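Descriptive structure summary
What follows is the residue order along each chain.
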Amino acid sequence: MPRYTAVRLLLLVLAMVGGDVQAEGEEVRGILEAEQQAVLSSWVSAPVVAVPYLEGSHFARDDVLVRFDCARLEAELHAAQAQVAAESRNAAVQRELLEMGATGRADVDIATYKVRELRASVEAIHEQQRGCELKAPFAGRVVEPLVRTNETPQANAPLIHIVSDGALQLQMVVPSCWLAWLAPGSDFTFVVDETGDHLTAEVSRVSAAVDPVSQTVKVISRVTDVPPRVLPGMSGLARWKADGGQSQASDAGVCRGRASA
């Protein structure tokens, strides 16, 4: 989970415990985040030659997000391929000598194993070259490039933070006794603070454990048909319609007493 999302979710929990979050009746605060998000890195340590997508830019799946100068790897590959060719020729000669009784089986085996070793080196360089172009694992947008052209980041250093396009997921912390009526499939309205949009959301899953101190539980919901101006990181108020009214409201009243304790 990105740092900003983790911090804001913690603030929701603290506000719930302190009574600052509105959780009366069937209302609770929530934070939107992308269904998929990642901070990408590469095992290559080489100069960066291109970062084509900047903050807010859209990209498609498999688009190149960061490209490295891998001329050194290319030279190493050519050298390894030449060694394979030379050792393959030597192994062939050793086999011919064995047929003539001019060498032993051990020399043939050593030459054969040497060829296998060098071919494995070629495959390893090919695998390293895959890291020379950092491709998008999904379609989405750039949150922040973490490296610039001409920089040489360390291997496995964070390079770019991305989020997916399309549906968002909604993180909420609710009183644990809401679980008496709140379950996957429950639909509700989410009002976005920043834009005022009223979005339709549906509960996807509930955390596997309840926090015993605050007596709250994390709930994750899915929000579809998201307007372009609604972005991950926005927050708002989730509202449920009273269903049967009295029993649900009384349950919520018990929860309010526990949450504010």
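In short, a report on the structure. Being a predicted model, the structure only gives us computed values, none of them experimental.

1. Topic: the sheet that holds strand β7 (residues 140-145)
Judged by pairing direction, the sheet is antiparallel, and its four strands sit side by side in the order β2-β8-β7-β4 without closing on themselves. Unpaired on one side and paired on the other, β2 (37-41) and β4 (58-59) mark the two borders of the sheet.

2. Here's the deal with the nonpolar core
A general trend in soluble globular proteins is that nonpolar side chains are found buried together. Within the largest apolar cluster, 27 residues are counted, with the highest numbers of intra-cluster contacts made by Phe59, Leu65, Val66, Phe68, Ile160 and Ile162. Sorting elements by how many residues they give to this core places helix α2 (residues 71-99) first, with four residues. Here Phe59 is in contact with Tyr53, Leu65, Ala136, Phe138, Ala139, Gly140, Arg141, Val142, Ile162 and Val163, once residues within four sequence places are set aside. One finds Leu170, Ala201, Val217 and Val223 within the second-largest nonpolar core, a separate group that totals 22 residues.

3. Looking at the side chain of Glu27
With respect to the helices, strands and loops of the structure, Glu27 is situated in strand β1 (residues 27-34). Given the relative accessible area of 18%, Glu27 is considered buried.

4. Describing the sheet that holds strand β3 (residues 48-50)
The strands making up a sheet are joined through hydrogen bonds of the backbone, oriented either antiparallel or parallel. The antiparallel open sheet is built from three strands, whose spatial order is β3-β5-β6. Edge positions in the sheet fall to β3 and β6 (133-135), since each has one partner strand and no second. Averaged over all adjacent pairs, the angle separating strand axes in this sheet is 30°, with direction ignored. In this structure, β3 lies alongside strand β5 (residues 64-68), joined through two bridges in antiparallel fashion. Residue pairing in the sheet places Ala50 in a bridge with Arg67 of β5.

5. As for the pattern of salt bridges
In total, this model carries nine salt bridges according to the counting rule given. Salt-bridge contacts for Glu35 lead to Arg222; the nearest nitrogen and oxygen are separated by 2.5 Å. Note that Glu35 is positioned in the loop between β1 and β2 and Arg222 in strand β12 (residues 216-223), a separation of 187 residues in sequence. Note on Glu35: relative accessible area 34%, which makes it partly exposed. For Arg222, a relative accessible area of 38% puts it in the partly exposed group. One salt bridge connects Glu127 with Arg130, and the closest N-O pair in it is separated by 2.4 Å. Note on Glu127: relative accessible area 39%, which makes it partly exposed.

6. Some thoughts on the state of the cysteines
All told, the structure shown has one disulfide when counted by the stated rule. Paired by a disulfide, Cys70 and Cys132 hold their sulfur atoms 1.9 Å apart. With the S-S bond torsion at -105°, the cross-link from Cys70 to Cys132 turns out left-handed. Of this pair, Cys70 sits in the loop between β5 and α2 while Cys132 sits in the loop between α3 (105-129) and β6, placing them 62 residues apart in sequence. Look at Cys132 and you get buried, because its relative accessible area is 9%.

Calculation criteria
Residues numbered from 1 in each chain as written. Predicted model: local features only at pLDDT ≥ 70, side-chain atom pairs only at ≥ 80, totals over all residues. Heavy atoms only, no water. Pairing = 2+ DSSP bridges. Helix = DSSP H or I, 4+ residues; strand = E, 2+ residues; numbered from the N terminus. Core = buried A, V, L, I, M, F, W, Y, C linked by side-chain atoms within 4.5 Å. Buried < 20%, exposed > 50% of the residue type's maximum accessible area, 1.4 Å probe, protein only. Contact = heavy atoms within 4.5 Å. Axes fitted to C-alpha atoms, helices over the stretch in contact; angles between N-to-C directions. Salt bridge = Lys/Arg side-chain N within 4 Å of Asp/Glu carboxyl O. Disulfide = S-S within 2.5 Å.

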